[in-house]
Amino acid sequence: MSDSTARLDLDNGSVELDVYQSTVGQPGIDIRKLRATTGHVTFDPGFGNTASAHSAITYIDGAAGILLHRGYRIEEVASKSSFLEVAYLLLYGTLPNVGELLTWESEINAQTLLNEEMRSFFDAFPRRAHPMAVLSSATNAISTFYDVYRRPMREDEIDAGARTLIAKMPTIAAWAYKKSIGEPYVYPDPDLGYVENFLRMTFSNPISDEPIDPVKVKAMNMLLILHADHEMNCSTATVRGVGSSRANMFTSVAAGMGALWGPLHGGANQAVIDQLQSIHDDPDATIPGMIARAKDRNDDFRLMGFGHRVYSNYDPRARVIEKFAQEVLDSMDQADPLLDIARELEAAALADPYFAERNLYPNVDYYSGILFRALGFPLRMFTVLFTLGRLPGWIAHWMEMNLDSETKIMRPRQIYIGEAERPYPAIEDR
Ligand code: ACO
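None of these values were measured; they are calculated from a predicted model.

S.K.: Could you give an account of the overall build of the chain, with specific residues and numbers?
M.R.: Along the chain, the regular secondary structure elements total 18 helices and six strands. For 430 residues, the compact-globule estimate of 2.2 N^0.38 gives 22 Å, and the C-alpha radius of gyration of the chain, at 23 Å, lies within 12% of that figure. Referenced to the eigenvectors of the C-alpha coordinate spread, the extents of the chain come out at roughly 75 × 60 × 55 Å. Taken across its 430 residues, the chain has 47% of its residues classed as buried. A separation of at least 24 residues holds for 70% of the contacts in the chain among residues at least 6 apart in sequence. Per element, the accessible surface of the chain, about 21600 Å² overall, is 52% carbon and sulfur. For the chain, the separation between the mean place of its 40 positive charges and that of its 57 negative charges on side chains is 4 Å.

S.K.: Just give me the short version of the site of the ligand, but keep the residues and values in it.
M.R.: Surrounding the ligand, one finds 20 residues, the nearest of these being H265, R297, L303, G305 and R309. Between R302 and the ligand, the recorded distance is 2.9 Å, taken from a side-chain N or O atom to an oxygen atom. Measuring from an oxygen atom of the ligand, one finds a side-chain N or O atom of R358 at 3.0 Å.

S.K.: Describe the packing of aromatic side chains, listing the residues and the values that go with them.
M.R.: Considering all chains together, one arrives at 20 aromatic pairs under this definition. Where F121 meets F125, the ring centres are 5.3 Å apart and the plane angle is 75 degrees; that geometry is what we call edge-to-face. Centroid distance Y314 to Y361: 6.4 Å. Interplanar angle 50 degrees. Geometry classified as tilted. Linking Y314 in the loop between α13 (287-295) and α14 (316-331) with Y361 in the loop between α16 (353-357) and α17 (364-374), this pair joins segments that are 47 residues apart in sequence. Residue class for Y314 comes out buried when judged on its relative accessible area of 7%. Of the residues examined, Y361 reaches a relative accessible area of 26% and is grouped as partly exposed. Its guanidinium or amino end placed over the ring of W175, R119 lies 6.0 Å from that ring's centre, counting from NZ or CZ. Of note, R319 hangs over the ring of Y314, and the distance from its end group to the ring centre comes to 4.0 Å.

S.K.: Explain empty space enclosed by the protein to me, using residue names and the numbers behind them.
M.R.: Empty space among the atoms becomes visible once a probe the size of a water molecule is rolled across them. Counting across every chain of the model gives one cavity of 30 Å³ or more. Estimates place the volume of the largest cavity at around 30 Å³. Around the largest cavity sit P170, Y194, V195, F198, M220, L224 and L388, which together line it. Counting only elements with at least two residues in the lining of the largest cavity, the list comes to α8 (194-203) and α9 (214-226). Broken down by element, the lining of the largest cavity gets its largest block of residues, three residues, from α8. Here the lining of the largest cavity is composed, by residue class, of seven nonpolar, no polar and no charged.

S.K.: Explain the sheet that holds strand β6 (residues 72-73) to me, and be specific about the residues and the numbers.
M.R.: Consider a sheet: its strands pair through backbone hydrogen bonds, and that pairing is either parallel or antiparallel. One open sheet accounts for three strands, arranged β4-β5-β6; its pairing is antiparallel. Edge positions in the sheet fall to β4 (58-61) and β6, since each of these pairs with one other strand and no more. Judged from the four bridges that link them, β4 and strand β5 (residues 66-69) form a sheet pairing that is antiparallel. Bridged to D61 within β5 is I66.

S.K.: For the pairing of β5, give the residues involved together with the corresponding values.
M.R.: Here β5 shows a buried face lined by I66 and L68 and a second buried face lined by L67 and H69. Hairpin connection of β4 to β5: four residues between the antiparallel strands, including G65 at a positive phi of 70 degrees. Here β5 runs beside β6; their pairing, made up of two bridges, is antiparallel. Within the sheet, the bridge partner assigned to L68 lies in β6 and is R73. Where β5 folds back on β6, the antiparallel hairpin that results is connected by two residues, among which R70 adopts a positive phi of roughly 50 degrees.

S.K.: Tell me about unusual backbone geometry, and please be specific about residues and values.
M.R.: Within the chain, F47 stands out as a residue other than glycine whose phi angle is a positive 50 degrees. Take F47: it is sitting in the loop between α1 (34-38) and β4. What makes F47 partly exposed here is its relative accessible area of 48%. For N359, which is not a glycine, the phi torsion comes out positive at approximately 55 degrees. In this fold, N359 is placed in the loop between α16 and α17. For N359, a relative accessible area of 32% translates into the label partly exposed.

S.K.: Which residues make up the layout of surface pockets, and what values go with them?
M.R.: Approximately 230 Å³ is the volume found for the second largest pocket. Lining the second largest pocket are E75, A78, S79, K80, S81, K218, N221, M222, R319, V320, K323 and F324. Of all the elements in the fold, those that place two or more residues in the lining of the second largest pocket are α2 (74-80), α9 and α14. In the lining of the second largest pocket, the residues fall into four nonpolar, three polar and five charged.

Conventions we followed
- Residues numbered from 1 in each chain as written.
- Predicted model: local features only at pLDDT ≥ 70, side-chain atom pairs only at ≥ 80, totals over all residues.
- Heavy atoms only, no water.
- Helix = DSSP H or I, 4+ residues; strand = E, 2+ residues; numbered from the N terminus.
- Rg over C-alpha atoms; globule rule 2.2 N^0.38 Å.
- Buried < 20%, exposed > 50% of the residue type's maximum accessible area, 1.4 Å probe, protein only.
- Contact = heavy atoms within 4.5 Å.
- Areas by Shrake-Rupley, 256 points an atom, 1.4 Å probe, with all protein chains shown as cover.
- Lys, Arg positive; Asp, Glu negative; His and termini not counted.
- Charge placed at Lys NZ, Arg CZ, Asp CG, Glu CD.
- Near = heavy atom within 4 Å.
- Polar contact = N/O pair within 3.5 Å; in protein donor to acceptor, adjacent residues only side chain to side chain.
- Phe/Tyr/Trp six-rings, centres within 6.5 Å; stacked < 30°, edge-to-face > 60°.
- Lys NZ or Arg CZ within 6 Å of the ring centre and 35° of its normal.
- 1 Å grid on protein atoms, 1.4 Å probe; cavity = no way out; pocket = protein on both sides within 12 Å on 5 of 7 lines; lining within 4 Å.
- Points joined across faces, edges and corners; volume = space filled by probe spheres on them.
- Nonpolar A, V, L, I, M, F, W, Y, C, P; charged D, E, K, R; others polar.
- Pairing = 2+ DSSP bridges.

Read these as spatial facts, not as claims about activity.
This is the structure in structure tokens:
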């Protein structure tokens, strides 16, 4: 696979390393033999410079602000596909034809029901439980109803696991929400589409059947697609890392949810709204004040929804969401003061040399919360919605990793800076 080499000169000699070309984008230097031949390891905190696998799922050109899923532009995918179509694309590498899509949709729809014993599982959580904690626990819990431990690597069972997770996640997410507001769980309706079902299970209850608004369905579909995959981000790397130990798909995905929950990753959508809300409510929290705090090296405050490990340009997903947030609010004849504040804050940040010099632009989380709010979701559900969207990406990576003969258990090295060996003192001498 390698068609060129790179030479690394060290004090104790030099080493030739294979260089792998990518279809588009950056080539990679194969350092696998480096430690064995030179005794050196590489130092790369956060793996910002390390490719951990060959992957054919998603390509990002961070400088140009381009995102491709299986070669298709995100803007086109988001405007022309359904979420289940995108899930199929990510998992199987091609867009489904009409027949394949119908089969895929009906297979997913047929499995949306949770085992009835899961009810008591939801009941056992305290009302105040964060829905992300419920979601990841439930993802592990539903695995106990299936055969995932016996033959987790058989191809047909991997496919079955993928369908099970994608089918049941909206029901789990909606039930986690119902639990948090003390309303009865709503069962899925097999005659409804994926997004319609989720909205109904979330917003209807036995005495009030919330009408399904096509504008909301379209917005939700688009939001899920925009979150569907983003190559080796923190949560996907976690899913791959856990899966590399041959852990089953369910528990690998549940671990990814833990990573996504963090405010520097998917939890940022909730943190963005907190910041915008404080500018709105608190006279002391001004836009210039926030920009000044974000720039202050002695303050760990960050402008949430700004910056990205991969994009040194505007995140293309943020552009689509910002436009759509306005459209949805207009169609509902609503206004959201936080959208105006977000735009003002964005303009102030982009005009500031600190942000320009560091290429800090809005990321996907900057405007997504405003759209989630417009759709009627409370703050605590935002990261759950991101999770629903990201699920097919995680599964696609888990599957790709399992089929890849180069996969090895994830086990980084370290540069040890602790004590060298020393004598153990008796307790009375310490
Ligand atoms: N506000 C202020 N300064 C920032 C921000 C921000 N949001 N993001 C980065 N910086 C600064 C850093 O302080 C650093 O400055 P320095 O060079 O003077 O030390 C420089 O920009 C580079 O930042 P790093 O933290 O090294 O970049 P990294 O790639 O490790 O982090 C991250 C990326 C975590 C997304 C970061 O930009 C951040 O914390 N953003 C806010 C949280 C957020 O929006 N997360 C969602 C990301 S998208 C997603 O996960 C779905």
